[in-house]
Number of protein chains: 2
Amino acid sequence: MLQKFQQFIKKENLFAVSDKILLAVSGGIDSVVLCELFSQAGLSFAIAHCNFQLRGEESGKDAEFVKSLSEKYGVEFYETVFETKKYVETHKVSIQMAARDLRYNWFKEVSESHNFQYIATGHHFDDNIETLLLNLTRGTGIRGLRGILPKSNKIIRPILWASRNEIADFCEKNDLTFREDASNKETKYKRNKIRHELIPLLEQLNPNVKEVFQREIGRFKQLEILLDTNLQKVKEAVVSSKNDVISIDLELLKTFHPTPLFLYEILSEYGFTESETENILEEHHTFSGKQFFSSTHRIVLNRNHLLISKKVETNLSEEIFEVPESADFIEKPLRLRFSI
Amino acid sequence: MLQKFQQFIKKENLFAVSDKILLAVSGGIDSVVLCELFSQAGLSFAIAHCNFQLRGEESGKDAEFVKSLSEKYGVEFYETVFETKKYVETHKVSIQMAARDLRYNWFKEVSESHNFQYIATGHHFDDNIETLLLNLTRGTGIRGLRGILPKSNKIIRPILWASRNEIADFCEKNDLTFREDASNKETKYKRNKIRHELIPLLEQLNPNVKEVFQREIGRFKQLEILLDTNLQKVKEAVVSSKNDVISIDLELLKTFHPTPLFLYEILSEYGFTESETENILEEHHTFSGKQFFSSTHRIVLNRNHLLISKKVETNLSEEIFEVPESADFIEKPLRLRFSI
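Note that the structure is predicted; figures quoted are calculated from it, not measured.

### Remarks on the packing of helix H4 (residues 84-91) of chain B against helix H5 (residues 95-113) of chain B
Between two packed helices, what matters for the description is the angle formed by their axes and the separation of those axes.
Residue and element names in this part refer to chain B.
No. 1: In contact at an axis separation of 9 Å, H4 and H5 are set at 110 degrees when each is read in the N-to-C sense. Relative to H5, the element H4 lies roughly perpendicular. Here Thr-84, Tyr-87 and Val-88 of H4 come into contact with H5, specifically with Ile-95, Ala-98, Ala-99, Asp-101 and Leu-102.
No. 2: Partitioning the contact of H4 with H5 into residue classes produces six nonpolar, one polar and one charged.

In structure tokens form, the structure reads like this:
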């Protein structure tokens, strides 16, 4: 396992041996194994733990356990306590979204102020496949099917290649202790249904289905690159901006195929859905002056152009991408990567 | 149902009201409903039935039943009997592949010699979703996920919008009789496992999962268009042909991103797999003169070019795309559409 870990870091060019890495550690088995591997490999690391105060007394015990880990390895320990429920009420977002935002900002702060080059999470191979299936049932399109990336900006996933079984074996062989994630045993949750029911059923259809999905994830990734490469060119051609108003040249956009795909990719950044995009494409000939609204933006049809501007009062709409509950961290919603 | 049927024909531009359509009829519920709809709409059609002799006495009864349908509607009837098992032995292909080849060639012959503009099949909405899931577990990539097309060359699917339930309702209301497909009741088959176990489980994860999949199929279709549009340009730039040898300019290909995707799309037409494509990309620098073989073709590395030629003895490799068993017809394997 140690060898595979080191090979993966090298192959995916995750970081240099001299870099200082901040590990996002929940105390669950994945992040405990992550710590042990960093230690066995002799790498320079520290441990960060978020207490979301969502599991009552258990949340405090998680934090204590992670602190004891940092003592075991003799590394720095960073900890924070979030008023997650308050954040949910104030920002009108889901608990999951709140936890993600809070984590994201805090890890970024810690890594910047203490000079960590990267933040590492304990995402693994099975997380990746479960996320693929969950996003498939939710209909997130290609963006949700290309899986978790080994490296994206400052976030790295050094054990993304490891299966849940490999992680459990390593844990046993190295006599590691960890905290049980309470939600893991409740099959009422979707992720557990996927793990304990859906994947075994898919394995009846094809015993190698996990390997097949891994290959498919690789293909979806390439299709996403293809889409982004094309999208970049299309945007350079048709999108312009003046005085906080974004203008899209619809006649020019129609010379790029498939037009509905490109228009959706552009408008989704402003909170518009696929069916709204279709309406706009259908109606732009007939109704000059007609308006369309997302939760954050307004579009006005103006002959052959779409004029997009910000609505005055906005609420962040709920993000539909799913993140593994077992993980400590996820990058910002994907669509933000394409803001103009 | 009749109205939806007529609207779909118009919206998808399937055929003109004056066209003569050959219906592929197995005698199962889908094709029986297809006949009734053509009759109720007052369209000009005839019925064709293939007897594959795979179900013993039942095969003969199927043929008799379909003949009686043609008498009921007062339309022409075309019938053929295939030595399917002999074909399997001679051509070393699967039964499914044999049935597809035999059907394809015969329907084409009949429609050409009797002036039918199109051949219609009874594929429906649930077929489409089941095929998506089956191809997902088999790892066919985007080509297997974009679903069945309403129209492809001479083949049309006029009830592709209809769910299995809608078809059953229409059948009952119109007092139609049909032949049971024997394999439908045997859950040992993959398609039935998908229908009776996988889809209900997915519906527990998301009650609207069928609608989600329909939308995803639409998105995959658009991604396929994007891929094909790009692929066409790449091929025009890097592929050339002389004296039965096809040459690919690998250095030039590397300027198109993502390179592995384009190379795989080009080489898969000659029977090469994804991992062989990866090997070629990795090794082309080091081993000039090295050869790679698919079941039908040979590639020689020649500095910055790949030279592809046909092997002398070839066997058709088995096609991995799945077709609904309930359907009478399917187009030729997709990859053939891209032969140079």
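### Concerning the relation of the copies chain A and chain B
No. 1: Superposing chain A onto chain B takes a rotation of 180 degrees plus a shift of 0.1 Å along the axis, which leaves an RMSD of 0.1 Å. On the angle and the small slide along the axis, the relation comes out as a two-fold axis.
No. 2: Mapped onto chain B, 100% of the interface residues of chain A are again interface residues, and the two copies thus contact each other with one and the same surface.

### Some details on unusual backbone geometry
All names here are of chain A.
No. 1: The peptide bond linking His-257 to Pro-258 adopts the cis configuration, its omega dihedral lying at -5 degrees.
No. 2: Mapped onto the elements of the fold, Pro-258 is located in the loop between helix H11 (250-253) and helix H12 (259-267).
No. 3: The phi torsion at Asn-153 lies on the positive side, around 55 degrees, for a residue other than glycine.
No. 4: Overall, the relative accessible area of 67% leaves Asn-153 in the exposed class.

### A short note on the interface of chain A and chain B
No. 1: The interface is formed by 39 residues belonging to chain A together with 39 residues belonging to chain B.
No. 2: Buried surface at the junction of chain A and chain B, both sides included, amounts to about 3600 Å², of which 68% is carbon and sulfur.
No. 3: Three residues stand out in chain A for area buried against chain B, namely Thr137(A), Leu205(A) and Leu226(A), and they jointly supply 19% of the buried area on that side.
No. 4: Inspection of the region where chain A meets chain B yields four salt bridges.
No. 5: Ionic pairing is found between Arg219(B) and Glu274(A), a salt bridge with its closest N-O pair at 2.7 Å.
No. 6: Summed over the shared surface of chain A and chain B, the number is 17 residue pairs in polar contact (both at pLDDT 80 or more).
No. 7: Among the secondary structure elements, those contributing two or more residues to the side of chain A that touches chain B are helix H6 (125-138), helix H7 (142-145), helix H9 (190-205), helix H10 (209-238) and H12 of chain A.
No. 8: It is H10(A) that provides the largest number of residues to the side of chain A that touches chain B, a total of 14 residues.

### Description of the side chain of Gln222(A)
No. 1: Residue position: Gln222(A) is located in helix H10.
No. 2: A polar contact of 2.8 Å, which involves the side chain of Gln222(A), links it to the backbone nitrogen of Leu261(B).
No. 3: Setting aside its immediate chain neighbours within four residues, Gln222(A) contacts Pro258(B), Pro260(B) and Leu261(B).

### Thoughts on the packing of H9(A) against H10(A)
Residue and element names in this part refer to chain A.
No. 1: Running from N to C, H9 and H10 point in directions that differ by 100 degrees, and their axes come no closer than 9 Å. Judged by the inter-axis angle, H9 sits roughly perpendicular to H10. Contacts from Ile-199, Leu-202 and Glu-203 of H9 reach H10 at Val-209, Lys-210 and Phe-213.

### A closer look at the sheet that holds strand E8 (residues 245-249) of chain A
Residues and elements named next belong to chain A.
No. 1: Read from one edge to the other, the open sheet built from five strands follows the order E7-E8-E11-E10-E9, with strand pairing classed as antiparallel. The two strands at the open ends of the sheet, each matched to only one other strand, are strand E7 (239-242) and strand E9 (291-293). Taking each pair of neighbouring strands and ignoring which way they run, the sheet shows an average axis angle of 25 degrees.
No. 2: Judged from the four bridges that link them, E8 and strand E11 (residues 305-310) form a sheet pairing that is antiparallel. The residue bridging Ser-247 from the neighbouring strand is Leu-307, located in E11.
No. 3: Where H10 meets the sheet, it contacts E7 and E8, and its direction lies at approximately 50 degrees from that of E7.

### Remarks on helix H2 (residues 29-40) of chain A
Residues and elements named next belong to chain A.
No. 1: Counted at 1.5 Å a residue, the expected span for H2 with its twelve residues is 16 Å, and the 16 Å between its end C-alpha atoms agrees.
No. 2: Listed in full, the buried residues belonging to H2 are Asp-30, Ser-31, Val-32, Val-33, Leu-34, Cys-35, Glu-36, Leu-37 and Phe-38.
No. 3: Looking one or two residues past H2, Gly-42 carries a phi angle of roughly 70 degrees, positive in sign.

### A word on the packing of aromatic side chains
To describe a pair of aromatic rings, one takes the distance between the centres and the angle between the planes.
No. 1: Enumeration according to the criterion identifies 17 aromatic pairs over all chains in this entry.
No. 2: Ring pairing ties together the aromatic residues Phe5(A), Phe15(A), Phe38(A), Phe45(A) and Tyr73(A), which thus form one cluster.
No. 3: Residue placement shows Lys20(A) over the ring face of Phe116(A); its charged tip is 4.6 Å from the ring centre.
No. 4: For Lys154(B), the ring lying beneath its charged end belongs to Tyr118(B), and the centroid distance is 5.3 Å.

### Considerations on the side chain of Arg219(B)
No. 1: Its place among the elements puts Arg219(B) in helix H10 (residues 209-238).
No. 2: Looking at Arg219(B), the relative accessible area reads 12%, which means it is buried.

### With respect to the pairing of strand E2 (residues 44-51) of chain A
Residue and element names in this part refer to chain A.
No. 1: With respect to burial, E2 is a largely interior element, seven of its eight residues being buried.
No. 2: Inspection of the sheet shows strand E1 (residues 20-24) paired to E2 by five bridges, in the parallel sense. Paired with Ala-24 across the strands is Ala-48, a residue of E2.
No. 3: Viewed along the sheet, the connection from E1 through H2 into E2 turns out right-handed.
No. 4: As paired strands, E2 and strand E3 (residues 77-81) are joined by five bridges and run parallel to one another.

### Quick notes on the pairing of strand E8 (residues 245-249) of chain B
Residues and elements named next belong to chain B.
No. 1: Taken together, the four bridges between strand E7 (residues 239-242) and E8 define a ladder with antiparallel strand orientation. Counted as the bridge partner of Lys-242 is Val-245 from E8.
No. 2: Linking E7 to E8, which pair antiparallel, is a turn of two residues; within it Asn-243 sits at a positive phi near 50 degrees.

### Some remarks on the environment of Thr121(A)
Residue and element names in this part refer to chain A.
No. 1: Examined against the element boundaries, Thr-121 turns out to sit in the loop between strand E4 (118-120) and H6.
No. 2: As for Thr-121 and Phe-178, which are separated by 57 residues in sequence, their C-alpha atoms are 16 Å apart.
No. 3: Within the structure, Thr-121 has its side chain in polar contact with the side chain of His-123 (distance 2.6 Å).

The rules behind these values
- Sequence positions are assigned chain by chain, starting from 1 and proceeding in written order.
- As they are written, the chains are lettered A onward and the ligands numbered 1 onward, keeping that order.
- Given that the model is predicted, a residue must reach a pLDDT of at least 70 before its local features are reported, and side-chain atom pairs must reach 80 or more before they are shown or counted; all residues, however, enter totals for whole chains, interfaces and linings.
- The side-chain values count all of the structure's non-hydrogen atoms but skip hydrogen atoms and water molecules.
- Only the contacting stretch of a helix is used when fitting its axis, a line to C-alpha atoms as for every element, and angles between N-to-C directions run 0 to 180 degrees.
- Only DSSP runs of H or I reaching four residues or more are called helices, and only runs of E reaching two or more are called strands; each is numbered from the N terminus.
- Put simply, angles under 35 degrees are roughly parallel, angles over 145 are roughly antiparallel, angles from 65 to 115 are roughly perpendicular, and the rest are oblique.
- We call two residues contacting when some pair of their heavy atoms lies within 4.5 Å.
- Note that Gly is not counted as nonpolar here; it falls among the polar residues with everything else outside the nonpolar set of Ala, Val, Leu, Ile, Met, Phe, Trp, Tyr, Cys and Pro and the charged set of Asp, Glu, Lys and Arg.
- We place the copies in one frame by least squares, fitting the C-alpha atoms of every residue whose pLDDT is at least 70 in both.
- When a residue's accessible area, from a 1.4 Å probe over protein chains only, is under 20% of the maximum for its type it is buried; when over 50% it is exposed; and in between it is partly exposed.
- Buried area is calculated as the accessible area (1.4 Å probe) missing from two parts once they are joined, with the contributions of both summed.
- In the sections that follow, a salt bridge refers to a side-chain nitrogen of Lys or Arg positioned within 4 Å of a carboxyl oxygen of Asp or Glu.
- Each polar contact in these results corresponds to two N or O atoms within 3.5 Å; when the atoms are within protein, one needs to be able to donate a hydrogen and the other to accept it, and residues that are neighboring in sequence are counted only if both atoms are side-chain atoms.
- Note: two strands are recorded as paired if DSSP finds a minimum of 2 bridges between them.
- The span one expects for a helix is its residue count, reduced by one, times 1.5 Å.
- In this analysis, rings of Phe, Tyr and Trp, with Trp reduced to its six-membered ring, are considered paired at centre separations within 6.5 Å, and the interplanar angle assigns stacked below 30 degrees, edge-to-face beyond 60, and tilted for intermediate values.
- In our convention, an over-ring charge means Lys NZ or Arg CZ found within 6 Å of a ring centre and within 35 degrees of that ring's normal.
- Assignment of crossover handedness uses the view with strands pointing away from the viewer, where a clockwise path from the first strand over the helix to the second indicates a right-handed crossover.

Distances and angles like these do not, on their own, reveal function.
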